[in-house]
Amino acid sequence: EEGLFRKFLALTNRLLIQQARDGKGTSLNASMRDSMRDSGRDSHMSLRQEQSQEELEEEKKKAQESHHLSQDQFDSVYMDMMEFYISQGYFNLAAQAEIFLEGRRSVRSLLLLARAEYSRKQYDKCLEFIELLLETEPRHKEAWIIKGHCYYFSDDSDMAEKCYMKSLRIRNQQFKDRLLGNNLGALAVQRGEWANAKLLYGQQCQWYSENSNSWFGLGRACLELEQYEEAEEAFKEANLFDNQNPDSWVYLSLVALKKNKNTALARQCMREALNLEFSDQDLTSRLVRTFSECNDEEFAKFLSEKQ
């Protein structure tokens, strides 16, 4: 960890020296990104802070005196580094890199810190940064989405939905999020609003066509709306992108029974689900009833014994 911290400092100053000599801006170039990528592979590594503050001050002082870069330029470099670490999954490094900013806060730095804490599932800490950001820029779309995610994964559905809806009302910023539609769809499912869930999941499938969760959610909504053809297609798409999800096989079994009482296909799908250690008791009970309704008492009994 100490070696990683020192290398982090050295790479920072190397970047400053190179760009000061070249008269360029302070964005990361490809070669520096490659060097930084090699600086640490473990996303759980953290910067060693013991004996580091004096080193940091000394390094920064030398660089500032030698290359005449403004504090804003230095901060921009450090934020570029934070952004790089986030993009590579080094969330602990990104979160602790705040020491380089020495308490100076901007919309960009607050957003980066919030992203890092959210990715580490430190939702309370993430919300602290988001609140500070929204005080400065109350119509920041991504900030409202991240805030919604924090509440969603903290099981506060009402606050999550309020934040999500706030983000959707901000139309002058183009920002798409892979979780937003799925989470709103899941909230609609919780309330039994299947038509709304279908709309939300359907839009998500258009934006992220390879997202198995979106296709699965769309399939569930269509099934409950008794739109079996659409449900079957959606579950097939979900299965295409993740054939190890037993729930997709279970719902394909349900669709086969509901659509045309195809008990042979339904049995085949259920065997696939059981091979993947499917264990949802409520869903199993539903299948037992449905197989019985289709006059397949033998398999209904088999599933009942599996409960």
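Residues numbered from 1 in each chain as written. Predicted model: local features only at pLDDT ≥ 70, side-chain atom pairs only at ≥ 80, totals over all residues. Heavy atoms only, no water.

Enquirer: What is the right way to look at the overall build of the protein chain in this model?
Expert: When its secondary structure is counted, the protein chain shows 17 helices and zero strands. When the 307 residues of the protein chain are sorted by exposure, 48% land in the buried category. Sequence separation of at least 24 residues holds for 60% of the intrachain contacts in the protein chain that already meet a minimum separation of 6. When the accessible surface of the protein chain is split by element, carbon and sulfur atoms take 43% of a total near 16100 Å². (Helix = DSSP H or I, 4+ residues; strand = E, 2+ residues; numbered from the N terminus. Buried < 20%, exposed > 50% of the residue type's maximum accessible area, 1.4 Å probe, protein only. Contact = heavy atoms within 4.5 Å. Areas by Shrake-Rupley, 256 points an atom, 1.4 Å probe, with all protein chains shown as cover.)

Enquirer: Would you explain the pattern of salt bridges in this entry?
Expert: Pairing of side chains with opposite charge becomes possible as their charged atoms draw close. Inspection of the entire model under this criterion finds 16 salt bridges. As a salt-bridge pair, glutamate 128 and lysine 125 come within 3.7 Å of each other at their nearest N and O atoms. Pair noted here: glutamate 128 and lysine 125 are both in helix α7 (residues 123–136), with a separation of three residues, about one helical turn. Relative accessible area serves as the criterion here: at 46%, glutamate 128 is assigned to the partly exposed category. Across the salt bridge formed by glutamate 232 and lysine 236, the nearest N and O atoms sit 4.0 Å from each other. Placement of the pair is glutamate 232 and lysine 236 together in helix α13 (residues 228–241), with a separation of four residues, close to one helical turn. Overall, lysine 236 belongs to the partly exposed group, its relative accessible area being 43%. Among the charged side chains, a network of salt bridges with common partners joins Asp80, Glu83, Arg108, Arg115 and Glu142. (Salt bridge = Lys/Arg side-chain N within 4 Å of Asp/Glu carboxyl O.)

Enquirer: Would you mind going over α13 with me for this structure?
Expert: Working note: α-helix, 3.6 residues per turn, so residues spaced by three or four point in the same direction. Taking 1.5 Å as the rise per residue, α13 with 14 residues should run 20 Å; its terminal C-alpha atoms sit 20 Å apart, in good agreement. Buried residues along α13 sit in contact with α12 (212–224) and α14 (246–260). (Expected span 1.5 Å × (residues − 1).)

Enquirer: Before we go on, may I ask you to explain the nonpolar core in this structure?
Expert: In summary, soluble globular proteins display a tendency toward joint burial of nonpolar side chains. With 82 residues, the main nonpolar core has Met270, Leu287 and Phe291 as its most contacted residues. Tallying contributions element by element places α14 first for this core, with eight residues. Dropping the residues within four chain positions of it, methionine 270 is found in contact with Val250, Ser253, Phe278, Leu287, Phe291, Phe299 and Leu303. (Core = buried A, V, L, I, M, F, W, Y, C linked by side-chain atoms within 4.5 Å.)

Enquirer: How should I be thinking about the confidence of the model for the protein chain in this particular structure?
Expert: Low pLDDT marks regions whose predicted coordinates should not be analysed in detail. In the predicted model, the protein chain carries a mean pLDDT of 82, and the fraction of residues at 70 or more is 77%. Taken together, the stretch residues 26–32 has pLDDT below 50 and engages in 18 contacts with residues farther than four places along the chain or on a different chain. Every residue in residues 39–51 is under pLDDT 50, and counting partners more than four places away or in other chains gives 31 contacts. (pLDDT = per-residue confidence, 0-100.)

Enquirer: Would you mind showing me how to read helix α16 (residues 281–293) here?
Expert: When the terminal C-alpha atoms of α16 are compared, their 18 Å separation across 13 residues agrees well with the 18 Å that a helix rising 1.5 Å per residue should span. Burial in α16 covers these residues: Leu283, Thr284, Leu287, Val288, Thr290 and Phe291. Capping of α16 at its N-terminal end is provided by aspartate 280; its side-chain oxygen lies 3.1 Å from the backbone amide nitrogen of aspartate 282. (Polar contact = N/O pair within 3.5 Å; in protein donor to acceptor, adjacent residues only side chain to side chain.)

Enquirer: Explanation requested: the environment of isoleucine 146 in the structure shown.
Expert: Residue position: isoleucine 146 is located in helix α8 (residues 141–152). By relative accessible area, which is 6% here, isoleucine 146 ends up buried. Setting aside anything within four residues of it in sequence, one finds isoleucine 146 in contact with Leu111, Arg115, Tyr118, Cys126 and Ile130.

Enquirer: What should I look at first to understand the packing of aromatic side chains in this one?
Expert: Two measures describe an aromatic ring pair: the distance that separates the ring centres and the angle between the ring planes. Tallying each qualifying case throughout the model produces eight aromatic pairs. Relative to phenylalanine 153, the ring of tyrosine 123 has its centre 6.3 Å away and its plane inclined at 20°; by these criteria the two rings are stacked. Of the two residues, tyrosine 123 is situated in helix α7 and phenylalanine 153 in the loop between α8 and α9 (157–168); the sequence distance between them amounts to 30 residues. Since its relative accessible area comes to 16%, tyrosine 123 is described here as buried. The exposure class of phenylalanine 153 is partly exposed, given its relative accessible area of 35%. Both rings, one in phenylalanine 299 and one in phenylalanine 302, keep their centres 5.2 Å apart while their planes meet at 40°; by these two values the pair is tilted. Taken together, the residues span about one helical turn, with phenylalanine 299 and phenylalanine 302 both in helix α17 (residues 297–306) at a distance of three residues. We classify phenylalanine 302 as partly exposed; its relative accessible area is 32%. (Phe/Tyr/Trp six-rings, centres within 6.5 Å; stacked < 30°, edge-to-face > 60°.)

Enquirer: Quick question: what am I supposed to make of the state of the cysteines here?
Expert: Here, disulfide denotes a covalent bond that connects the sulfur atoms of two cysteines. What the rule picks out here adds up to zero disulfides. Left unpaired, cysteine 222 is separated from the closest cysteine sulfur, that of cysteine 205, by 9.2 Å. Taking the relative accessible area as the measure of exposure, cysteine 222 reaches 1% and is therefore buried. (Disulfide = S-S within 2.5 Å.)

Enquirer: Looking at this model, I keep getting lost on the environment of arginine 220. Mind explaining?
Expert: By the element assignment, arginine 220 lies in helix α12. Separated by 32 residues in sequence, arginine 220 and leucine 252 have C-alpha atoms that sit 10.0 Å apart. Filtering out sequence-adjacent residues up to four positions away, arginine 220 remains in contact with Val189, Trp194, Phe235 and Tyr251.

Enquirer: Would you explain the packing of helix α4 (residues 71–87) against helix α6 (residues 107–119) in this entry?
Expert: The packing of two helices is summarised by the inter-axis angle and the distance between the axes. Put simply, α4 and α6 touch, their axes get as near as 10 Å, and they point 25° apart. What the angle tells us is that α4 and α6 run roughly parallel. The element α4 and its partner α6 pack so that their crossing is left-handed. Across from Ser76, Met79, Asp80, Met82, Glu83 and Ile86 in α4, the residues of α6 making contact are Arg108, Ser109, Leu112, Leu113, Arg115 and Ala116. (Axes fitted to C-alpha atoms, helices over the stretch in contact; angles between N-to-C directions. Parallel < 35°, antiparallel > 145°, perpendicular 65-115°, else oblique. Left-handed = near helix turned anticlockwise from the far one by under 90°.)

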